[in-house]
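Topology and contacts: notes
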Amino acid sequence: MELQARASNTDFHRDPYGYVPTEWICILFIVLFSLSAIVHAGQATYTRLFWLFPTICTAGILEIVGWSGRLWSSKNILAKSPYLMQIVTTIIAPTFLVAANFVILGQMIRRLGQCYSRISAKWYTIIFCSFDAIALIIQAVGGATAATAVDQNKNPNKRETHADTQGGHIMLIGIVIQMFGITVYMALAAEFILRYLYDRPVRASGDRPLAAFSFDRKHKLMLAGLTFSSICIYIRSVYRTIELANGWTGYIIHTQRYFDWLDGGMITLAMFTVNFFHPGFLLGPARTWATGKEVDIPLKQMDSDIA
């Protein structure tokens, strides 16, 4: 009886996923996220853009943990720990990636002319990163609450007593808030670029473009990478919203290919996009960001600094 009770506390009585995660797919995503995160860490160190560690690198680490949980589940589908681990980490990981995109666009606005933006570069970063932080907290609380409900063999979308909190619905609110923030961010970014291209400033007295910078090939590439990365994250947010709205016992959450393609696949593309269209190489190293002047650091000098 004691062994049976212990097993019931550590394992589910039925498959919580609605499928068994495919082992090779889990391994593939662990390898991809590990590779991207390691490269990001090296790029952040090389360019001295250390804010990439608490943003993109953290997103990569959380995705690795989440997909490791799914790999564990492929070996033991009834184990609670890996399922709970992947619930929380995969829901909050992209939030850190979104924050990096906000910072990058804020820097581009500062360089190309804040007069073309409805809000200043400083407040752009503050407002949207704060928005992102709120979404992160709500998703983390919802994920933890949902995990607690699942751990007690309850449905995270239902209240079995008046004291129960609907963790699944809290997660949904966090995702919706994040998606709303990304929508506004992309709309304002599109308006900023159009106003810049057609020279239609929002405020005649606003800060004009910095003399050291122009909308050259590097800035165009950075904008292209930022756009593609944001679209990937947005697709993932739409998917997660529909998934959670459909419920924890619905068809969408119980279909593995949707999660693999629209969550794991989209975040993988977003992370590798920033690897290839890296702000440290296209917008310059940390000194360029701080001084507002274009700085080229010789490769030998950077190597000696790192050594």
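Residues numbered from 1 in each chain as written. Predicted model: local features only at pLDDT ≥ 70, side-chain atom pairs only at ≥ 80, totals over all residues. Heavy atoms only, no water.

Within the secondary structure, threonine 95 sits in helix H4 (residues 80-112). With a relative accessible area of 3%, threonine 95 lands in the buried category. Among residues more than four places away in sequence, those in contact with threonine 95 are Asp132, Leu136, Gln139 and Gln178. (Helix = DSSP H or I, 4+ residues; strand = E, 2+ residues; numbered from the N terminus. Buried < 20%, exposed > 50% of the residue type's maximum accessible area, 1.4 Å probe, protein only. Contact = heavy atoms within 4.5 Å.)

Take the nonpolar core next. For soluble globular proteins, the rule of thumb is that nonpolar side chains tend to be buried together. Among the nonpolar cores identified, the biggest contains 68 residues, and Trp67, Leu97, Tyr185 and Trp248 are the most heavily contacted of them. Breaking this core down by element, the ones donating at least two residues are helix H2 (23-47), helix H3 (53-75), H4, helix H5 (121-151), helix H6 (167-197), helix H7 (217-246) and helix H8 (256-276). Not counting residues up to four positions away in its chain, the partners in contact with tyrosine 185 are Asn101, Phe102, Leu105, Tyr124, Phe128, Leu226 and Ser230. (Core = buried A, V, L, I, M, F, W, Y, C linked by side-chain atoms within 4.5 Å.)

Tallied over the full model, the rule gives 6 salt bridges. Glutamate 243 serves as the salt-bridge partner of arginine 240, at 2.9 Å between the closest nitrogen and oxygen. Of this pair, arginine 240 and glutamate 243 are both found in helix H7, 3 residues apart, which corresponds to roughly one turn of the helix. Residue arginine 240 is classed as buried on the basis of its relative accessible area of 6%. Accessibility expressed as a relative area gives 2% for glutamate 243, which makes it buried. (Salt bridge = Lys/Arg side-chain N within 4 Å of Asp/Glu carboxyl O.)

Let's shift gears to the packing of H4 against H7. Where H4 contacts H7, the axes come no closer than 10 Å and their chain directions differ by 150°. With respect to their mutual orientation, H4 and H7 come out roughly antiparallel. H4 and H7 meet at a crossing whose hand is left-handed. Each of Thr90, Ile91, Pro94, Leu97, Val98, Asn101, Ile104, Leu105, Met108, Arg111 and Leu112 in H4 lies in contact with H7, whose residues at this interface are His219, Met222, Leu223, Leu226, Ser229, Ser230, Ile233, Arg236, Arg240 and Leu244. A per-class count over the contact of H4 with H7 returns 13 nonpolar, 5 polar and 3 charged. (Axes fitted to C-alpha atoms, helices over the stretch in contact; angles between N-to-C directions. Parallel < 35°, antiparallel > 145°, perpendicular 65-115°, else oblique. Left-handed = near helix turned anticlockwise from the far one by under 90°. Nonpolar A, V, L, I, M, F, W, Y, C, P; charged D, E, K, R; others polar.)

This next bit is on the UniProt feature "transmembrane region" (unreviewed entry) in the protein chain. As recorded in UniProt, the sites labelled "transmembrane region" (unreviewed entry) are residues 22-42, 49-68, 83-105, 126-150, 170-198, 219-239 and 259-277. Helix and strand shares over residues 22-42 are 95% and 0% respectively, and the end C-alpha atoms of the span are 31 Å apart. The span residues 49-68 shows a helical share of 80% and a strand share of 0%, and its end C-alpha atoms are spaced 28 Å apart. (UniProt positions renumbered as here; feature names shortened; annotations may be inferred.)

Further remarks concern H7. Here H7 spans 44 Å end to end across 30 residues, near enough to the 44 Å set by a 1.5 Å rise per residue. Downstream of H7 by one or two residues, glycine 247 has phi in the positive range, about 100°. (Expected span 1.5 Å × (residues − 1).)

On the surface, Trp123, Ile126 and Ile127 cluster together to form a nonpolar patch covering roughly 280 Å² of accessible area. Relative to the assigned elements, isoleucine 127 resides in helix H5. The class for isoleucine 127 is partly exposed, based on a relative accessible area of 39%. (Patch = residues over 30% accessible without salt bridge, like charges linked within 9 Å, V, L, I, M, F, W, Y side chains within 5 Å. Areas by Shrake-Rupley, 256 points an atom, 1.4 Å probe, with all protein chains shown as cover.)

The next thing to look at is the packing of aromatic side chains. Here a ring pair, both rings aromatic, is described through the centre-centre distance and the interplanar angle of the planes. Inspection of every chain in the model, using the stated rule, returns 15 aromatic pairs. When the ring of tyrosine 251 is compared with that of tyrosine 258, the centres are 6.0 Å apart and the planes differ by 75°; the resulting orientation is edge-to-face. Take tyrosine 251: its relative accessible area is 52%, and that puts it in the exposed class. By relative accessible area, which is 23% here, tyrosine 258 ends up partly exposed. Grouped by ring-pair contacts, the aromatic residues Phe29, Phe33, Trp67 and Phe259 constitute a single cluster. The lysine or arginine in question, arginine 257, covers the ring of tyrosine 258, its NZ or CZ lying 5.2 Å from the ring centre. (Phe/Tyr/Trp six-rings, centres within 6.5 Å; stacked < 30°, edge-to-face > 60°. Lys NZ or Arg CZ within 6 Å of the ring centre and 35° of its normal.)

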